[in-house]
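# Examining the three-dimensional arrangement
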Amino acid sequence: MAGSGFGLELAHLARVWRPAGRLHPDPSERSQRLDTWLLVGELEIPGGRLEGFVHEIGGRGDARVLAHRNRGLRWYGARRRSPPSHRIDLLLEAARQRQRGRYGVAFLSGGRTRPASGGGCASCSASSTEGGNGERAFQTPFGSGHAFNGWADRFSATPADGLLDRFAALMGRHRLGNGGEWILRRHDFRATRGGRRYGSEWNAELTFALRPGLLRLKFADHRGASPEEHLAKLWLSYEISAGGGR
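These numbers were taken from a predicted model, which means no experiment stands behind them.

For the rest of this paragraph, the subject is the environment of Arg-175. In this structure, Arg-175 sits in the loop between strand 8 (163-174) and strand 9 (180-190). When the C-alpha atoms of Arg-175 and Phe-208 are compared, they prove to be 9.2 Å apart, with 33 residues separating the residues in sequence.

Here's what the structure looks like:
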């Protein structure tokens, strides 16, 4: 309901397309049939926004093994400081997955909301926890951990002992060429049960504004608990935008 400070959204998912693509010879790797309901409620409160969600994940055929239920709360707050262009953002989230585990995240960032053309810098720190009991752990079978648990994608599935990801990041703008943005992140991974170390990871990204698109250079360097688990990845991509006033 627009303008009332309250919103409610209900969605039904009947099929999900998997990363392997539509040309994969195995039909189960191309897509999965679902019977899933997603309910999200949003309420504006003093100091931020409160969201509650329920995910009833149901699958058909081979996807039946992925059936589970998520229930959680998310709070987002932002506070402007002096000077007015500076702000602090805070995100707190907690969820429980039936028979699998709990999930929690705390995210704090600060910086300038309107950085200068060649300057501006923001920093952030976060801690996310995907719980596990040694046999089962909180999972996100239809999502990707790429944006949260390191770009090397070492944790496509949460380990049975859970995953604690603590990271800090710096980001800003540069003046090279037509300008662009840069990001530098450092992750530390451990088990939530027992505290076993899973390794650490550096992530870096540099973008350049090149009309009519964006050139992106991205790097991930994961250092596992043993040399056999080390992994480095490098991406180079060019994104073209149509319209948008360019």
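There's plenty left to go through after this.
Quick look at unusual backbone geometry now. Leaving glycine out, the prevailing phi sign among residues is negative, and the prevailing peptide bond configuration is trans. In this structure, Pro-212 follows Arg-211 across a cis peptide bond, with omega equal to 5 degrees. The residue Pro-212 is located in the loop between strand 10 (197-210) and strand 11 (213-224) in this model. The phi dihedral of Asp-153 falls on the positive side, at around 60 degrees, and the residue is not glycine. For Asp-153, the position within the fold is in the loop between strand 7 (121-130) and strand 8. Exposure remark for Asp-153: the relative accessible area of 35% places this residue in the partly exposed category.

A separate point is the confidence of the model for the protein chain. Here the protein chain averages 85 in pLDDT, and 89% of its residues register 70 or above. Counting interchain partners and residues more than four positions distant, the pLDDT-below-50 stretch residues 113-120 has 18 contacts.

Where strand 8 and strand 9 come together, 11 bridges link them in antiparallel fashion. Bridge pairing in strand 9 places His-174 opposite Gly-180. With antiparallel pairing between neighbouring strands as the criterion, strand 8 and strand 9 make up a hairpin whose turn holds five residues, including Gly-177 at a positive phi of roughly 60 degrees. Looking at chain direction, strand 9 and strand 10 are connected through nine bridges and run antiparallel. Residue pairing across strands places Arg-190 opposite Arg-197, the latter belonging to strand 10. Between strand 9 and strand 10, which follow one another and run antiparallel, lie six residues, and Gly-194 among them has a positive phi close to 95 degrees.

Here is what the cut-offs are and how they apply
- Residues numbered from 1 in each chain as written.
- Predicted model: local features only at pLDDT ≥ 70, side-chain atom pairs only at ≥ 80, totals over all residues.
- Heavy atoms only, no water.
- Helix = DSSP H or I, 4+ residues; strand = E, 2+ residues; numbered from the N terminus.
- Buried < 20%, exposed > 50% of the residue type's maximum accessible area, 1.4 Å probe, protein only.
- pLDDT = per-residue confidence, 0-100.
- Contact = heavy atoms within 4.5 Å.
- Pairing = 2+ DSSP bridges.

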